[in-house]
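# Coordinate analysis (summary)
Residue-level listing of the chains:
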Amino acid sequence: MTRTMKKRMTPDQEFQIMKLVLDKFLWLGFIVMGWGMYLSLSSAAILPGLWFMVAGAVLLFLFVILIVKEYEVWK
């Protein structure tokens, strides 16, 4: 029996795949914030839209934390 060796990705390949996947989270955060802005501007009440904008900002902040932890961007 021969053992098959698993192919390893280079750090650059891992980073490229991470960009493809996490780009969707970036879009999601901006869409949620945009929806909140639309709700705030289209209605008399600001608070419902503000909650969406805060949720979008939290998503974007989690995105930044994930990138910094996973790839140690600052080093």
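This text goes with the structure placed above it.
Presented here is an overview of the structure given in this document. Everything numeric here is computed off the predicted structure, so don't read it as measured data.

### Observations regarding the overall build of the protein chain
The secondary structure content of the protein chain amounts to two helices and zero strands. Per-residue burial for the protein chain yields a buried fraction of 16% across its 75 residues. For the protein chain, the proportion of contacts with a sequence separation of at least 24, taken over those separated by at least 6, is 49%. Here the protein chain displays about 6800 Å² of accessible surface, and carbon together with sulfur accounts for 73% of that area.

### Regarding the packing of aromatic side chains
Taken as a whole, this structure holds one aromatic pair when the rule is applied. Ring geometry for Trp 35 versus Tyr 38: centroids 5.4 Å apart, planes at 35 degrees, classification tilted. Here Trp 35 pairs with Tyr 38, and both are found in helix H1 (residues 11-42), just three residues apart, close to one helical turn.

### Points about the side chain of Ser 40
Looking at the secondary structure, you find Ser 40 in helix H1. Here Ile 46 takes part through its backbone oxygen, which lies 3.3 Å from a polar atom of the side chain of Ser 40. Dropping the residues within four chain positions of it, Ser 40 is found in contact with Ala 45, Ile 46, Gly 49, Leu 50 and Met 53.

How each quantity is defined
- Residues numbered from 1 in each chain as written.
- Predicted model: local features only at pLDDT ≥ 70, side-chain atom pairs only at ≥ 80, totals over all residues.
- Heavy atoms only, no water.
- Helix = DSSP H or I, 4+ residues; strand = E, 2+ residues; numbered from the N terminus.
- Buried < 20%, exposed > 50% of the residue type's maximum accessible area, 1.4 Å probe, protein only.
- Contact = heavy atoms within 4.5 Å.
- Areas by Shrake-Rupley, 256 points an atom, 1.4 Å probe, with all protein chains shown as cover.
- Phe/Tyr/Trp six-rings, centres within 6.5 Å; stacked < 30°, edge-to-face > 60°.
- Polar contact = N/O pair within 3.5 Å; in protein donor to acceptor, adjacent residues only side chain to side chain.

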